[in-house]
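Summary of the model geometry
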Amino acid sequence: MKHFVSDRAQSFTESVIREMTRICLKHQGVNLAQGFPDFPAPQEIKEAAAEAIRADFNQYAITWGTPRLRQAIAGKFTGYNSVTVDPEREITVCCGSTEAMIASLMAIVNPGEEVIIFEPFYENYGPDSILCGARPRFITLHEPDWHFDGQELAQSFNNKTKAIVLNTPNNPTGKVFSREELQDIADLCLKWNVIAVTDEIYEHILYDGTNHISLASLPGMRDRTITINSISKTYSLTGWRVGWAIASPALTSSIRKVHDFLTVGAPHPLQEAAAAALRMDHLYYQGLAEDYQKRRDFLARVLEEAGFRVYWPRGAYYIMTDVGHWGIRDDVAFAHHLVETIGVATVPGSSFYSHPSLGATKVRFCFPKKMETLEQAAERLRKFKK
Ligand SMILES: Cc1ncc(COP(=O)(O)O)c(C=O)c1O
């Protein structure tokens, strides 16, 4: 009997996050599930996009990205992340960091090789590993501060380890990896000749004076790190699909080949506008972090008052909560119950774990929303009867 669906496609499920968004629409709920802003993107960036279309940047760009955008990425990476980079040979512009991640993993991993992933993890990394034939190895981030055990990490490296995926600031936990933690990871990468693939798309969304450090800026790591980023979160442009991977020339030429045959390129006029976005001054980033801090403080307090156990994030725009103390052991049923009864959509915790049981008492809220949307959610959450 011939199966038309591939074993690969069968080995992972549809995205729970996107599914929750659809259920939310059905119940006309407040969507605190999928992490996208409901407020407008900055006016000057939208103008730059309209101008790029009028100026006829409407055909394919160079497959690895328009020169203006690559120069802007290089300038920003040096200025904010303290790493110099050659825009000609070390940057690949992709369709969002989503494509940058899968293209990077496909460019470096052979079937059967191992990839280390911190758990809980952004749900894409699971299917990403399957699609490139990698064997994922999960390292627990321990609550409440989401630290990892250095010994457990050391023991997970071996001769088959090809890469480690790191997301800081982290979705879903809000953890921001410290310099000491990054140094431990760097030491192991150097010892075992492993490549780090870092997803840094929340690098400007930081709270309580926390700093973001790029792994590539640590000694010896520049040429063995692939740094992934995009305009989605920093400039509230999740629908534009412009992201990039920064890597050494040898890794970049492999990433560029995979990228070219996957998508050819990201939308040309939006790449031109992204170059304008990356040149925003420091006040923009300061305002972004301050606004998010107000939203975080508001929603975290509302959730605590409603009885959720809240893990206060130090970065990114999600709040992981635990409801185990209410006797709840089925996060999926609980998330459905929340959206059906009070109209607030969340993501069941199990979507961030390799084994659903590990996230069975957790739900994740996101808060890239107007204050009035969060107030609506708060009103509904106050009515929630455990
Ligand atoms: C950690 C992380 N990486 C990547 C993405 C997707 O980013 P992009 O829109 O650049 O593909 C998300 C979106 O929620 C995310 O949380």
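As a starting point, this report considers the structure included with it.

Reading the values: the criteria
- The written sequence of each chain sets the order in which its residues are numbered from 1.
- Per-residue local features of the predicted model are confined to residues with pLDDT of at least 70, and side-chain atom pairs are confined, for both listing and counting, to 80 or more; whole-chain, interface and lining totals are unaffected and use all residues.
- The side-chain figures draw on all heavy atoms in the structure; neither hydrogens nor water molecules are used.
- The way it works is that DSSP assigns letters per residue, a run of H or I at least four long becomes a helix, a run of E at least two long becomes a strand, and they are numbered from the N terminus.
- Exposure classes here rest on a 1.4 Å probe applied to the protein chains alone. A residue is buried below 20% of its type maximum, exposed above 50%, and partly exposed in between.
- Axis lines are fitted to C-alpha atoms, over the contacting stretch for helices. Their N-to-C directions set the angle, which ranges from 0 to 180 degrees.
- Oblique is the label for any angle not covered by the other classes, which are roughly parallel (under 35 degrees), roughly antiparallel (over 145) and roughly perpendicular (65 to 115).
- Working rule for handedness: look at the near helix, and if it is turned counterclockwise from the far one by less than a right angle, call the crossing left-handed; if clockwise, right-handed.
- Note on contacts: a residue pair is in contact if any heavy atoms of the two residues lie within 4.5 Å.
- The salt bridge definition used is simple: a Lys or Arg side-chain nitrogen within 4 Å of an Asp or Glu carboxyl oxygen.
- Pairing between strands is defined by DSSP: at least two bridges between the two strands are required.
- The arc in question is the one traced by the directions running from the helix axis out to the C-beta atoms.
- Each polar contact in these results corresponds to two N or O atoms within 3.5 Å; when the atoms are within protein, one needs to be able to donate a hydrogen and the other to accept it, and residues that are neighboring in sequence are counted only if both atoms are side-chain atoms.

On to unusual backbone geometry, then. Cis peptide bonds are those with omega within 30 degrees of zero, and the linkage from Glu143 to Pro144 qualifies with 5°. Note that Pro144 resides in the loop between strand 4 (135-140) and helix 7 (150-156). Cis geometry is found at the peptide bond from Thr168 to Pro169, where omega equals -15°. One can find Pro169 in the loop between strand 5 (161-167) and helix 8 (179-192). Of note in this structure, Ser236 is not a glycine but carries a positive phi near 55°. By the element assignment, Ser236 lies in the loop between strand 7 (225-230) and strand 8 (243-246). On the basis of relative accessible area, Ser236 is assigned to the buried category, the value being 11%. In this model, Val264 sits at a positive phi of 65°, which is unusual for a non-glycine residue. Of note, Val264 is situated in the loop between helix 9 (249-263) and helix 10 (268-277).

Where helix 4 (residues 67-81) meets helix 10, the closest approach of the two axes is 8 Å, and the angle between their N-to-C directions is 30°. Between helix 4 and helix 10, the interaxial angle falls into the category roughly parallel. As helix 4 packs across helix 10, the resulting crossing turns out to be left-handed. Residue-level inspection shows Arg68, Leu69 and Ala72 of helix 4 in contact with helix 10, the latter providing Gln271, Glu272, Ala274 and Ala275.

Attention now goes to the pattern of salt bridges. For the structure on display, the rule yields 18 salt bridges. The closest approach of N and O atoms between Lys76 and Glu203, which form a salt bridge, is 3.2 Å. Here Lys76, found in helix 4, pairs with Glu203, found in the loop between strand 6 (195-199) and strand 7; they are 127 residues apart in sequence, far enough to count as distant. Note on accessibility: Lys76 and Glu203 belong to one class, buried. In this structure, the salt-bridge partner of Asp86 is Arg89, at a minimum N-O distance of 3.2 Å.

Mapped onto the elements of the fold, Arg241 is located in the loop between strand 7 and strand 8. A relative accessible area of 31% places Arg241 in the partly exposed class. Along the primary structure Arg241 and Thr98 are separated by 143 residues, whereas in three dimensions their C-alpha atoms are 8.7 Å apart. Excluding anything up to four places from it in sequence, Arg241 contacts Cys94, Cys95, Gly96, Thr98, Ser232, Ala266 and Pro267.

What follows covers the sheet that holds strand 10 (residues 318-322). Paired through their backbone hydrogen bonds, the strands of a sheet run either parallel or antiparallel. Pairing is antiparallel in the open sheet, where four strands are placed in the order 9-10-13-12. Across the chains shown, the open sheet's two edge strands, defined by having one partner strand only, are strand 9 (309-311) and strand 12 (347-348). Two strands pair when backbone bridges link them, and strand 12 and strand 13 (residues 362-366) are joined in this way by two bridges, in the antiparallel orientation. What sits directly across from Pro348, in strand 13, is Val363.

Turning our attention to helix 12 (residues 331-341). When we look at burial in helix 12, the residues that qualify are Asp331, Phe334, Ala335, Leu338 and Val339. Down the axis of helix 12, the buried side of the element spans an arc of 130°, and every buried residue falls inside it. Those residues of helix 12 that are buried lie in contact with helix 2 (16-26), strand 11 (344-345), strand 12 and strand 13. Capping of helix 12 at its N-terminal end is provided by Asp330; its side-chain oxygen lies 3.1 Å from the backbone amide nitrogen of Val332. Once helix 12 finishes, Gly343 follows within two positions and takes phi at roughly 75°, a positive value.

Time to look at the side chain of Thr198. Along the polypeptide, Thr198 turns up in strand 6. Residue class for Thr198 comes out buried when judged on its relative accessible area of 1%. Looking at Thr198, its side chain comes within polar contact range of the side chain of Glu200, at 2.7 Å. With residues near it in sequence (within four places) discarded, Thr198 still touches Leu166, Leu215, Thr225, Ile226, Thr227 and Ile228.

To continue, consider the sheet that holds strand 8. Pairing is mixed across the open sheet formed by seven strands, whose spatial order is 2-8-7-6-5-3-4. Each edge of the sheet is formed by a strand with only one pairing partner; in this case those strands are strand 2 (91-94) and strand 4. Taken pair by pair, the neighbouring strands of this sheet meet at an average axis angle of 20°, ignoring direction. Bridging between strand 6 and strand 7 involves four bridges; their strand directions are parallel. Within the sheet, the bridge partner assigned to Thr198 lies in strand 7 and is Thr227.

By themselves, these observations are geometric and do not establish any function.
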